Amino acid sequence: MIIYSERVCLPDGIRPAYLIEENGRIKAVAGKEAGLKADVDYGNQRIIPGIIDTHNHGAAGYRFDDANEEELKPLLKAQAAHGVTAILPTTTIVSQFPILAKLAEETLDGARIAGIHSEGPWGARVGEKGINTGYPPVDLDHAKKMIEEAHGKLVLVDIAPEVPGALEAIDYFVSQGVTVAAYHTNANYAEANRGIDHGITVATHLGNVMTGLHHRDIGTMGACILRDEVDCELICDGLHVCRPMIQLIMKMKDHDRIMLVSDNGAFLGAPVGHYKGGKKNENSDRAVLEVTPEGFVLSQTGRLTGSSMPVLYGIGNLVEKLHMPLEEVVRMSSANPARKYNLKNKGELAVDKDLDLVVIDEDYNVVATYVEGRKVFDRAVEKSPFNESFLQEYKID
């Protein structure tokens, strides 16, 4: 198959190009002068590398926490409809690990599962306007169970470095080849650095639910920015982190060490309105959640509880509002997470890489998505799936 566009986002810039695919990989890249006959010609629409979202809880009325095997398929399809070609499903529910590990080995009509991300369960901070209902104590037996149930697919585990037993847990996960991130933490600068010394190399959604920058103690956020070995997740919807702070981060942190993430949940693609928070949240400030027109998902106390906007929306923000070059931004959404999590065949539109790509319009909406040479979403002939039973069960108004 040969795909052509006047604007293909290649590692060395955006230019007209033919992408020549064979067996799901990019066999060759040719310039416009080659005059080849394309099987698919996208004209002047931009083609970018497939997005690799490493922090994502769900989409379209489905959650990685509780979706069964059949429900996971439309969930992954919905991810592809928002430009995600590879994903680290994010959940702390260990009983879900074997299902996710199984699907990681299968070729599905949607985003490829590239590993499992466990956001917790050992944190310490609840975030602004939140009510802390506590976290379980660190339990190394549970840590071992996480490894066992994931069948080699546990890629990332988040932990607050200051909680009792955290450093031992970090040591254990690192010994098992698992990347460890600092998350939901009250750690001061010194405590955060101790965690990094023990092997933390990721900042979970930098700036959110962690001690921030202060002129007397720059906290976990400052430690993660200063330490070169730490790769920082960043939500660029303009809601979780304000644009001036994003600008500050971009000036301070090597862009090769920033990974754009969504922190999406079931509300990606959901209509504006109020929703029940579900049984596990009925006694907390998340008993009722609001999806706002701006894309906030808010608890009753006004706390941010994930995002309803995809990584692609954040890409648009960085390009259109912060005036960053698209080819630089997509490195943070594709090449950087591919490097971090050793996804050797992904992250760039280059020879010998998987043909993972997204065709986007001028408003940063997905026109088509390809995963390993297969077209898994085409806006011209299909809509992004949504779980209508979710709306029936949870939507209030």
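Before any of the text, the structure's been laid out above.
Residues numbered from 1 in each chain as written. Predicted model: local features only at pLDDT ≥ 70, side-chain atom pairs only at ≥ 80, totals over all residues. Heavy atoms only, no water.

*Asks:* Before we go on, may I ask you to explain the sheet that holds strand β18 (residues 288–291) in this structure?
*Replies:* Consider a sheet: its strands pair through backbone hydrogen bonds, and that pairing is either parallel or antiparallel. Overall, antiparallel pairing links the 4 strands, which are arranged β17-β18-β19-β20 in an open sheet. Edge positions in the sheet fall to β17 (273–276) and β20 (304–307), since each of these pairs with one other strand and no more. For this sheet, the mean inter-axis angle between neighbouring strands, taken without regard to orientation, is 25 degrees. When β17 meets β18, the two strands line up antiparallel, connected through 4 bridges. Bridge pairing links H274 to E290 in β18. (Pairing = 2+ DSSP bridges. Helix = DSSP H or I, 4+ residues; strand = E, 2+ residues; numbered from the N terminus. Axes fitted to C-alpha atoms, helices over the stretch in contact; angles between N-to-C directions.)

*Asks:* Which parts of the structure should I look at to understand the side chain of S118?
*Replies:* Topologically, S118 is positioned in strand β11 (residues 116–122). There is a polar contact of 2.9 Å between the side chain of S118 and the backbone oxygen of G120. In this structure S118 touches T91, T92, F97, M146, L154, L156, V157 and D158, once residues within four positions along its chain are discounted. (Polar contact = N/O pair within 3.5 Å; in protein donor to acceptor, adjacent residues only side chain to side chain. Contact = heavy atoms within 4.5 Å.)

*Asks:* For this particular structure, what's the right way to read the nonpolar core?
*Replies:* Where a protein is soluble and globular, its nonpolar side chains tend to be buried together. With 92 residues, the main nonpolar core has L154, F173, L206, L234, L260, I315 and L318 as its most contacted residues. Every residue in contact with L260, bar those within four places of it in the chain, is listed here: I52, L234, C236, V311, I315, L318, V329, M332 and S333. If you look at the next biggest cluster of nonpolar residues, it comprises 16 residues, including L19, I47, V359 and Y370. (Core = buried A, V, L, I, M, F, W, Y, C linked by side-chain atoms within 4.5 Å. Buried < 20%, exposed > 50% of the residue type's maximum accessible area, 1.4 Å probe, protein only.)

*Asks:* How should I be thinking about the pairing of β11 in this particular structure?
*Replies:* The two faces of the sheet receive side chains in turn, since in a regular strand these alternate between them. Most of β11 sits out of view: 7 of its 7 residues are buried. Two strands pair when backbone bridges link them, and β11 and strand β12 (residues 154–159) are joined in this way by 4 bridges, in the parallel orientation. Paired with I116 across the two strands is L154, which belongs to β12.

*Asks:* Looking at this structure, how should I read the pattern of salt bridges?
*Replies:* Pairing between side chains of opposite charge can happen when the charged atoms of each approach one another. Summed over all chains, the structure comprises 25 salt bridges. Note that E382 and K77 form a salt bridge whose closest N and O atoms lie 3.0 Å from each other. With E382 in the loop between β23 (374–378) and α10 (388–394) and K77 in helix α1 (residues 69–81), this residue pair connects regions lying 305 residues apart in the sequence. As a salt-bridge pair, D356 and K346 come within 2.8 Å of each other at their nearest N and O atoms. One end of the pair, D356, is in the loop between α9 (326–340) and β21 (357–360); the other, K346, is in the loop between α9 and β21, and 10 residues separate them in sequence. Per residue, the accessibility class of D356 equals that of K346, and both read buried. Salt bridges here are not isolated pairs; linked through shared partners, they connect R25, R112, K346, D354, D356 and E372. (Salt bridge = Lys/Arg side-chain N within 4 Å of Asp/Glu carboxyl O.)

*Asks:* How should I be thinking about a nonpolar patch on the surface in this particular structure?
*Replies:* There is a patch of nonpolar side chains on the surface, built from L213, L248 and M252 and spanning about 230 Å² of accessible area. Examined against the element boundaries, L213 turns out to sit in the loop between β14 (200–203) and α6 (219–226). (Patch = residues over 30% accessible without salt bridge, like charges linked within 9 Å, V, L, I, M, F, W, Y side chains within 5 Å. Areas by Shrake-Rupley, 256 points an atom, 1.4 Å probe, with all protein chains shown as cover.)

*Asks:* Can you walk me through the environment of S308 in this structure?
*Replies:* Here S308 is to be found in the loop between β20 and α8 (311–320). Sequence separation between S308 and D237 is 71 residues; the distance between their C-alpha atoms is 9.2 Å. Residues contacting S308, with those up to four places away along its chain left out, are N264, F267, L268, G269, V291, G295 and V297. A distance of 2.9 Å separates a polar side-chain atom of S308 from the backbone oxygen of G295.

*Asks:* Help me understand the sheet that holds β14 in this model?
*Replies:* Strand order in the open sheet made by the 6 strands is β11-β12-β13-β14-β15-β16, with parallel pairing throughout. The open sheet terminates on both sides in strands that have one partner only, identified here as β11 and β16 (258–260). Averaged over all pairs of adjacent strands, the angle between their axes in this sheet comes to 30 degrees, without regard to strand direction. Where strand β13 (residues 179–182) lies against β14, 3 bridges are found, and the strand directions are parallel. Pairing of V180 across the sheet is with I200, part of β14.

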